2 protein chains.
Amino acid sequence: MVQAMNKYISTFITIVAGMLFSMSAMAYDGARLWLPAASDANGATVKLEAKGAAAAIAAQELRDSWSGNGTVVLRVKRDKALGEDGYRIIPSGDNLTVTANSGTGLLYGAYHLLRMQSMGKPVDSVITEVPAFDLRVLNHWDNLDGTIERGYAGKSLWKWEELPGKVSPRYKEYARANASVGINGVVLNNVNASSRILSREYIEKVRVLADIFRPYGIKVYLSANFAAPMQLDSLPTADPLDKDVAKWWKKKCDEIYAAIPDFGGFLVKANSEGQPGPCDFGRTHAEGANMMARALRPHGGKVMWRAFVYSPVDADRAKQAYMEFQPLDGKFDDNVIVQIKNGPVDFQPREPFSPLFGAMPSTPQMAELQVTQEYLGHANHVAFLAPMWEEFFGWVKPESLKAIAGVANIGDDENWTGHPLAQANWYAFGRLAWNPALTSGEIVREWLPAGVYGSHDVPADIKSGIEDMMLMSREAVVDYMMPLGLHHLFAFGHHYGPEPWCNPEGARPDWLPSYYHRADSAGIGFDRSPSGSNAIAQYPEPYRSLYASSSTCPDNLLLWFHHLPWDYKMKSGATLWDELCRHYERGCVAVSDMQKSWMKAKPYIAPELYRDVEERLATQARDAIWWKDGCLLYFGEISGMPLPDDVTAPVHTLEQLRAVDLGISNYESPSTSLLNSKR
Amino acid sequence: MVQAMNKYISTFITIVAGMLFSMSAMAYDGARLWLPAASDANGATVKLEAKGAAAAIAAQELRDSWSGNGTVVLRVKRDKALGEDGYRIIPSGDNLTVTANSGTGLLYGAYHLLRMQSMGKPVDSVITEVPAFDLRVLNHWDNLDGTIERGYAGKSLWKWEELPGKVSPRYKEYARANASVGINGVVLNNVNASSRILSREYIEKVRVLADIFRPYGIKVYLSANFAAPMQLDSLPTADPLDKDVAKWWKKKCDEIYAAIPDFGGFLVKANSEGQPGPCDFGRTHAEGANMMARALRPHGGKVMWRAFVYSPVDADRAKQAYMEFQPLDGKFDDNVIVQIKNGPVDFQPREPFSPLFGAMPSTPQMAELQVTQEYLGHANHVAFLAPMWEEFFGWVKPESLKAIAGVANIGDDENWTGHPLAQANWYAFGRLAWNPALTSGEIVREWLPAGVYGSHDVPADIKSGIEDMMLMSREAVVDYMMPLGLHHLFAFGHHYGPEPWCNPEGARPDWLPSYYHRADSAGIGFDRSPSGSNAIAQYPEPYRSLYASSSTCPDNLLLWFHHLPWDYKMKSGATLWDELCRHYERGCVAVSDMQKSWMKAKPYIAPELYRDVEERLATQARDAIWWKDGCLLYFGEISGMPLPDDVTAPVHTLEQLRAVDLGISNYESPSTSLLNSKR
């Protein structure tokens, strides 16, 4: 017992010493992410009993950075329980053995060891890990011109104009970071896809990236434009039942696989927001998807077909994906996966789950989560998204899904994600894609040591302050942007600031906030109960009943499902208006609390990182007040009700806020937000 | 008894009906100030038993606006107790008699009646009013080019380029407003005086104004440049002991009095901030003042000689007026009055009284108060100054003063004062100059009915909210700008925003905030105790002893007199740092509370007035946070101490605030302050 304790302590000291050595030498720039530096060579003894590039990388990672005593054996060994990617780590005295069915499994095992080392945790019992999903995919909304739709961390990582001749060292760093959290697929280009990505010229470029990613267990996928046969080769149609069209796709797939034998397949946004698709030719989504799936099938490729559709056929956009896709259940080939956004509208700070999940029992489904903060403050706000995804997995059981996709928040900024703390969202997406049973708390405690603290020995109360800051951050965003189930009050276009009043000429009604908040003198909220759009009928029990009545509907989704009077009595006893005001206030106070946690941690954080986050937090605090003022001034004008006494008065007038123009495109995070922006 | 009651009620109803009639007809534009509209003719019966223009105006004002029943008799009648300007109002049945020694006295009596009418108060007993000071003077810091130094309500009222030919109707309105609150002198031009005001050309212009003001009992004064003989007529010197110089001033006075027989005299800023003065020629302030006084004496004119001097002879600017002027006690002619700013530095949100008051028993003294909000948020912040002046009269007994001057906040803006609520400061100055025993509460209750409510019948709780808003406003400014005796943390030049860090190249040390706050790692505050500059020694008992020790010095002047450690234990038990932080927080919360009082009063306020003040309050709220953030971030960096948990975190970074440049001159109020301003 005493001996075991001693060993524990000595391992611990070794690990801490290793960390100190590795982190203190260089200034923080965020480039390293949560990974150990390649320069931290301790010369660990690694015995490699496996072939292939992935296994070799596993061995090298441990030689570079593992600081435990004893020998680490990496061994490929048949073990049905582990599947393609799983691994087992077996400690024995000072030595460790990692086994897996593949080199990639060994690589994941190696990163597991380094993760434990970063957390200062000893490996003192057998660890067995098998991922929950076979497909763990990042979706890049990167355009070929280098811009990123909803990208807030600079330009695209992919330097198409340099490829295939010139190769950025960051391609490999990117693959390494993904592998370290278990991501095994990347869609390189925007779902609003240029057909050019399928041209011979671009396939040559994609091949280079695929070659770099392959040793890290990562397959390349491409977003395909459904009209590519017409656009690239002037076919008269893209009708999926047209033989020439089908032939074109078969030939295209042959061409791709000749260059990239393990090409993953296509992601398709069809008949959505102006993109072409099978419905243009009187065909169904299933007919379109299956045609492409058949071209990929001989090569083992897959189609990920997005269910994000909302043609203006019904008064409630939230119902439309279900209405269009549910009837197609059973009509899709088995190498098609229907990719569904977590909520029925569009990545709002809080949505209920999309009722399409579980409603197509004969169709493979996957969830599309958004890692980039399109609707959660871009790269300016701390919004740790694991709690949002944890909430999602509380509704939608991982077992019901075949795969998982995350819309990446990665760009060519030195620190990859713009906001340094947004690295945690990339990390969390990967970790949850591997193991959706992880709690947000577990993930943040895994990430913080390497992601924030570096070599510092941080007191427990400071750590818990920072953990709380991360864990409360998404709810803070909900509170100061859109509490109580409100949604899509965003400024037209850039989705950053509040414009509940916005009403540009000629805009689609379902692109306007008033479509969603429906505020009038009688009250606020979208009636989706049986007396309204009855979107509730799409939900399975127990949710259908729960959401149908305002008395049982949870407060945090109340105005998603109900239009209620301003003086509606909430569970707290307060009026709806007062409660709404208090949520906005709470959101602002929460940001202040987050700032104070960060300030207290100052001595334990690299100065560059500290200052960067400090400044972004100040912007977030200003923005929170901007949101609160914009929404409460606007709704206050409609409700005619006064601010409750415990809510801070506005520091703007509605007139001033109506005049705000951030002047940013959909590819940018605003720099200092309100401080310098006027129409 | 019942009959008396009935009469009371009927009078009251008549008055209210009159108000409704008079106020509801026109939209609010602020131009009318607190005065009844000239169009509100009720045809009151007025019997005029006096001659002269002032008495005639008195009668006309009552005929235009008095809505009581019965006859009002205006009668000049010798009555020693009333002095030059006093009056007596005697009710008798439905009739009233006003008596005075002069037409001006009758005019003041008439305005008293209209004031009571505006408040809805019946005249049911004898009223006797005699002003506390014979001289009640507004100082205009208006330049001849139309700019106003520290003016935030547009350009100068005086259109010099139009005079003497063209006469603005506002000259008369201005005189009427002054007379209605008892002001009987105006200095037309800036103390940083252009000699041109004494030229023949300008005397002709001034004469026109004097003619307009005379019927309202107002005398005109001019700020004189001490070097005028050199500048206007190329004399080789302005030495006050030079015979030609003395002759020049005598001639100049003869010339002025030929045009303006009741000319009041000169206001002089000499040897102060670069202005010329007798010290340039080796003479004392007394020798300079007396030379000018002797030129004025034959005509009955006076010299108001400012004691605002601070040559860099001593380490403590706060001591210098006393050091330079106290030894001159008894040396001034009796038609010289030494004009002393209320505090020893310069119109800060809170200063102790200047120790020069009472320290020159053989010299007439007058106080110079500042009505314009140079250091209290310009025309953007609500800062009702009566409480500050009430505080001053708690220290300096009115009986010890010969006269009183206020630096005007009036410009050519339609509403006269920029901030509509700043009209209350003009009003309050006049009322306190007449009767310094009035409380701030009495004054605000006098002013609000005509100044804000108009024709509205306002519920008691709303009224008390607005009264509180006004009464707490100056302390709020102190809290969010410079609590605990801090002073002069202002941005260089425009004195609007915070720049405790400001340090432009080549600036005089005593123009820099660090000269005043003296913050260092050990603590903060200016040690003026015996261990420091010993400015305390200039104070009489009991103040000298009270201020000498930090344990007896009131909290609100603590850092004016003491440099104390950051962890100094305050009377509250908190550390100095925490207390400082909480004052800034309290100031921000106070503005929010003021906003909420205003919002609640919305139904009772003219929409134009409501919106104007609402917007300025939002600016004030933003500015309060700007001040709090700027000061606490800066001092926090020096103290190294963390924000207490009950204080909101900053919404700016110090770097951002250091970069702020409002881009305004000393003649402007910033328009939207922080929203749109960067270096």
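Residues numbered from 1 in each chain as written. Chains lettered and ligands numbered in written order. Predicted model: local features only at pLDDT ≥ 70, side-chain atom pairs only at ≥ 80, totals over all residues. Heavy atoms only, no water.

1. Description of the overall build of chain A
For chain A, the count of helices and strands is 19 helices and 15 strands. Computed over C-alpha atoms, the radius of gyration of chain A comes to 25 Å, within 12% of the 26 Å expected from 2.2 N^0.38 for 679 residues, which places it in the range of a compact globule. Overall, the C-alpha framework of chain A stretches about 75 × 65 × 45 Å when taken along its three principal axes. Among the 679 residues that make up chain A, the fraction classed as buried is 64%. Pairs at least 24 residues apart make up 72% of the contacts formed inside chain A by residues separated by at least 6 positions. Accessible area for chain A stands at about 23900 Å²; split by element, carbon and sulfur atoms hold 53% of it. On chain A, the mean spot of the 66 positive side-chain charges and the mean spot of the 79 negative ones are 6 Å from each other. (Helix = DSSP H or I, 4+ residues; strand = E, 2+ residues; numbered from the N terminus. Rg over C-alpha atoms; globule rule 2.2 N^0.38 Å. Buried < 20%, exposed > 50% of the residue type's maximum accessible area, 1.4 Å probe, protein only. Contact = heavy atoms within 4.5 Å. Areas by Shrake-Rupley, 256 points an atom, 1.4 Å probe, with all protein chains shown as cover. Lys, Arg positive; Asp, Glu negative; His and termini not counted. Charge placed at Lys NZ, Arg CZ, Asp CG, Glu CD.)

2. A look at the interface of chain A and chain B
In this assembly, 31 residues from chain A lie in contact with 31 residues from chain B. Across the chain A to chain B interface the summed buried area is about 2500 Å²; carbon plus sulfur atoms make up 57%. Counting every contact that joins chain A to chain B gives two salt bridges. In this structure, the salt-bridge partner of D645 of chain B is K600 of chain A, at a minimum N-O distance of 3.0 Å. Connecting chain A to chain B are 14 residue pairs in polar contact (both at pLDDT 80 or more). For the side of chain A that touches chain B, the secondary-structure elements that each account for two or more residues are α17 (576-600), α18 (607-639) and α19 (654-658) of chain A. Of all the elements, α18 of chain A adds the most residues to the side of chain A that touches chain B, at seven residues. Across the side of chain A that touches chain B, the residue classes tally to twelve nonpolar, ten polar and nine charged. (Buried area = accessible area lost by both parts, 1.4 Å probe. Salt bridge = Lys/Arg side-chain N within 4 Å of Asp/Glu carboxyl O. Polar contact = N/O pair within 3.5 Å; in protein donor to acceptor, adjacent residues only side chain to side chain. Nonpolar A, V, L, I, M, F, W, Y, C, P; charged D, E, K, R; others polar.)

3. A word on the packing of helix α11 (residues 423-434) of chain B against helix α12 (residues 440-453) of chain B
Residues and elements named next belong to chain B. Where α11 contacts α12, the axes come no closer than 10 Å and their chain directions differ by 125 degrees. Judged on the interaxial angle alone, α12 and α11 are oblique. Considering the relative orientation of α11 and α12, their crossing is right-handed. Of the residues in α12, those in contact with Q423, A424, Y427, A428, R431 and L432 of α11 are I443, E446 and W447. (Axes fitted to C-alpha atoms, helices over the stretch in contact; angles between N-to-C directions. Parallel < 35°, antiparallel > 145°, perpendicular 65-115°, else oblique. Left-handed = near helix turned anticlockwise from the far one by under 90°.)

4. Thoughts on the packing of aromatic side chains
One pass over the full model with this rule turns up 80 aromatic pairs over all chains. Linked through ring pairs, W34, W158, Y171, Y174, F213, W416, W426 and Y427 of chain A together constitute an aromatic cluster. For K205 of chain B, the ring lying beneath its charged end belongs to Y202 of chain B, and the centroid distance is 5.2 Å. Over the ring of Y515 of chain B we find R518 of chain B, and its NZ or CZ is 5.0 Å from the ring centre. (Phe/Tyr/Trp six-rings, centres within 6.5 Å; stacked < 30°, edge-to-face > 60°. Lys NZ or Arg CZ within 6 Å of the ring centre and 35° of its normal.)

5. Looking at the confidence of the model for chain A
Atomic detail in the predicted coordinates should be set aside for any region of low pLDDT. All names here are of chain A. On average, residues of chain A carry a pLDDT of 93, and 94% of them reach 70 or more. In this model, residues 1-25 is a region of pLDDT below 50 whose contacts with residues beyond four sequence positions or in other chains number 24 contacts. As a predicted assembly, this complex carries a pTM of 0.91 together with an ipTM value of 0.88. (pLDDT = per-residue confidence, 0-100.)

6. Comments concerning unusual backbone geometry
In this structure, P542 of chain A follows E541 of chain A across a cis peptide bond, with omega equal to 5 degrees. Relative to the helices and strands, P542 of chain A is located in the loop between β14 (523-524) and α15 (543-548). Residue P164 of chain B follows L163 of chain B across a cis peptide bond; omega there is 0 degrees. One non-glycine residue with positive phi stands out, namely F347 of chain A, at about 55 degrees. By relative accessible area, F347 of chain A is classed as buried at 3%. The phi angle at L484 of chain B is positive, at roughly 60 degrees, despite the residue not being glycine. Using a relative accessible area of 3% as the deciding quantity, one classes L484 of chain B as buried.

7. Concerning the relation of the copies chain A and chain B
Note on the identical chains: chain A maps onto chain B by a rotation of 180 degrees and an axial translation of 0.1 Å, with an RMSD of 0.0 Å. Those values place the two copies in the arrangement expected of a two-fold rotation axis. A share of 100% of the interface residues of chain A reappears at the interface of chain B, consistent with the copies meeting face to face through the same patch. (Least-squares fit on C-alpha atoms with pLDDT ≥ 70 in both.)

8. Some thoughts on helix α7 (residues 243-259) of chain B
All names here are of chain B. For α7, which comprises 17 residues, the first-to-last C-alpha distance of 25 Å matches the rise-based estimate of 24 Å (1.5 Å per residue) to within 8%. Buried positions along α7 lie against α5 (200-213), α6 (228-233), β9 (265-268) and α8 (285-296). Between the side-chain oxygen at the start of α7 and the backbone nitrogen of D244 there is a gap of 2.9 Å, and the oxygen is on D242. (Expected span 1.5 Å × (residues − 1).)

9. Concerning the sheet that holds strand β4 (residues 95-100) of chain B
Residue and element names in this part refer to chain B. Taken together, the five strands give an open sheet; going across it, the order is β1-β2-β4-β3-β5, and neighbouring strands pair in mixed fashion. The two strands at the open ends of the sheet, each matched to only one other strand, are β1 (45-49) and β5 (127-129). Each neighbouring strand pair of the sheet contributes to a mean axis angle of 15 degrees, computed without reference to strand direction. Pairing analysis gives three bridges linking strand β3 (residues 87-92) to β5, with the strands arranged antiparallel. Bridging from a neighbouring strand, Y87 pairs with E129 of β5. Contacting β1 and β2 (71-76), helix α2 (residues 53-65) crosses the sheet at an angle of about 170 degrees to β1. (Pairing = 2+ DSSP bridges.)

10. Concerning the nonpolar core
Formed by 446 residues in total, the largest nonpolar core has its most connected members in F213 and F635 of chain A together with F213 and F635 of chain B. Residues contacting F635 of chain A, with those up to four places away along its chain left out, are L486, L489, P500, H517, A519, I524, W566, W577, L580, Y584 and G640 of chain A. (Core = buried A, V, L, I, M, F, W, Y, C linked by side-chain atoms within 4.5 Å.)

11. Points about the environment of S272 of chain B
Residues and elements named next belong to chain B. Relative to the elements of secondary structure, S272 occurs in the loop between β9 and α8. Separated by 39 residues in sequence, S272 and S311 have C-alpha atoms that sit 7.3 Å apart. Sequence-distant contacts of S272, that is, excluding residues within four places in its chain, are made with F308 and V309. Of note is the side chain of S272, whose polar atom sits 2.6 Å from the backbone oxygen of F308.

12. Re the pairing of strand β10 (residues 302-306) of chain A
Residues in a regular strand project their side chains so that they alternate between the two faces of the sheet. Residues and elements named next belong to chain A. Where burial is concerned, most of β10 is hidden: four out of the five residues are buried. Sheet analysis places strand β9 (residues 265-268) next to β10, joined by four bridges and oriented parallel. Its bridge partner lying in β10, V268 is registered against W305. You can see the chain leave β9, run along helix α8 (residues 285-296) and come back into β10, and the turn it takes is right-handed. The pairing of β10 with strand β11 (residues 336-341) spans four bridges and is classified as parallel. (Right-handed = clockwise from strand over helix to strand, strands pointing away.)

13. Thoughts on the pattern of salt bridges
Overall, the coordinates contain 70 salt bridges over all chains when judged by the stated rule. For R350 of chain B, the salt bridge identified is with E475 of chain B, shortest N-O distance 2.8 Å. With R350 of chain B in the loop between β11 (336-341) and β12 (365-370) and E475 of chain B in helix α13 (residues 460-481), this pair connects stretches of sequence that are 125 residues apart. Residue classification places R350 of chain B among the buried positions, given a relative accessible area of 4%. Via salt bridges that share partners, E204, R207, D211, R214 and D262 of chain A belong to a single interconnected network.

14. A word on α18 of chain A
All names here are of chain A. Here α18 is 33 residues long and its end C-alpha atoms lie 47 Å apart, about the 48 Å a rise of 1.5 Å per residue gives. With 25 of 33 residues buried, α18 lies mostly within the body of the structure. G640 sits one or two positions beyond α18 and adopts a positive phi of about 70 degrees.

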